Amino acid sequence: MAGDKRTELLTVRQVLDELGGISRRTFYRWRELRLAPACIRLPNGELRVRRDVLNGWLEERAEGAAT
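Keep in mind it's a predicted model, so treat the numbers as computed, not measured.

> So what about the nonpolar core? Which residues, and what values?
Grouped together as the largest cluster of nonpolar side chains are 12 residues: Leu-10, Val-12, Val-15, Leu-16, Leu-19, Ile-22, Phe-27, Ala-36, Leu-47, Val-49, Leu-54 and Trp-57. When residues no more than four places from it in sequence are discounted, the contact partners of Trp-57 are Leu-19, Trp-30, Leu-35, Ala-36 and Pro-37.

Listed below in structure tokens is the structure:
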């Protein structure tokens, strides 16, 4: 599955860009409020978000989405 987009790990910067350039502060506030997509904390302390998790998170927030 190497190179599979569903398992791609995105940096926080990439996530911010994909979300239309929201601020880092907003993203970390969402994390505090448990509103952000689930993150993976690497041993060096950096965060990553799996591509499939981000896509699912966005789908859940789509207006008019079936529940």
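> Any chance you could break down the side chain of Arg-48 for me, citing the residues and the numbers?
Along the chain, Arg-48 turns up in strand S3 (residues 47–50). A distance of 2.9 Å separates polar atoms of two side chains, one belonging to Arg-48 and the other to Glu-46. For Arg-48, the contacting residues outside a window of four places in its chain are Leu-9, Leu-10, Thr-11, Cys-39, Ile-40 and Leu-42.

What counts and how
Residues numbered from 1 in each chain as written. Predicted model: local features only at pLDDT ≥ 70, side-chain atom pairs only at ≥ 80, totals over all residues. Heavy atoms only, no water. Core = buried A, V, L, I, M, F, W, Y, C linked by side-chain atoms within 4.5 Å. Buried < 20%, exposed > 50% of the residue type's maximum accessible area, 1.4 Å probe, protein only. Contact = heavy atoms within 4.5 Å. Helix = DSSP H or I, 4+ residues; strand = E, 2+ residues; numbered from the N terminus. Polar contact = N/O pair within 3.5 Å; in protein donor to acceptor, adjacent residues only side chain to side chain.

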